[in-house]
Amino acid sequence: MIEFNLDARSGLSPYQQLVQQVRHALRLGLLTKGDQLPKVKDVVASLAINPNTVLKAYRELEHDGLVSARPGVGTFVTATLNGGASFAVLGPLRSDLRRWLSQARKAGLDEESIEALLMSTFRDSAREDIA
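Conventions adopted
- Residues numbered from 1 in each chain as written.
- Predicted model: local features only at pLDDT ≥ 70, side-chain atom pairs only at ≥ 80, totals over all residues.
- Heavy atoms only, no water.
- 1 Å grid on protein atoms, 1.4 Å probe; cavity = no way out; pocket = protein on both sides within 12 Å on 5 of 7 lines; lining within 4 Å.
- Points joined across faces, edges and corners; volume = space filled by probe spheres on them.
- Helix = DSSP H or I, 4+ residues; strand = E, 2+ residues; numbered from the N terminus.
- Nonpolar A, V, L, I, M, F, W, Y, C, P; charged D, E, K, R; others polar.

Unfilled space is identified by rolling a water-sized probe across the atoms. Estimated volume of the largest pocket: approximately 1,600 Å³. As for the largest pocket, its lining consists of 29 residues, and the residues nearest its centre are Q20, H24, E111, E115 and L118. Mapped onto the lining of the largest pocket, the elements with two or more residues apiece are α1 (14-27), α4 (87-106) and α5 (111-130). Tallying contributions element by element places α5 first for the lining of the largest pocket, with eight residues. Among the residues forming the lining of the largest pocket, the class breakdown is 13 nonpolar, seven polar and nine charged. Reported here for the second largest pocket is a volume of approximately 200 Å³. When grouped by side-chain class, the residues that make up the lining of the second largest pocket number nine nonpolar, four polar and four charged.

Structural data, given as C-alpha cells:
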C-alpha cells in the first residue's frame with residue numbers, strides 16, 4: 001500500500017501531490033491492479049489534512065480511469081501506467097540511479113542542484129532524440 005507524504009515546498013496543492021504520488025507509484029509498478037489505496041480517514045489522520053482534499057484526489061484518479069471507489073469498502077486501482085515495464089527492468093535502473101545520486105551528493109550537490117541537473121539532462125536528451 002502507498003504511504004502519502006506532503007511537501008510544502010513542492011509548489012503543488014496537497015490534492016495534486018496525492019494524485020502525483022499515486023501516478024508515480026502506478027508508473028513504477030509499486031501499485032498494481034486490485035491494490036487498495038489508503039482509506040480517506042487514514043490519510044486524513046496521517047497527514048492532518050481535510051477529508052475533502054483526499055476525496056478530490058481520489059475523484060480525479062477515478063475520473064482518469066485509474067481507480068474505482070467501492071462505497072463502504074475503499075478505493076482500488078483499476079489501471080496501471082507503467083507501460084509494461086516490470087520491476088525486473090526498473091530494479092537495476094533504480095540501483096544505477098541510486099549510485100549516481102550518491103556520487104552527486106559526494107560531489108557536493110544539494111537536492112535542488114541534483115534535480116536541476118536531472119531535469120536539464122532529461123530535456124536535452126529528449127531534444128536529441130527528436131532531432
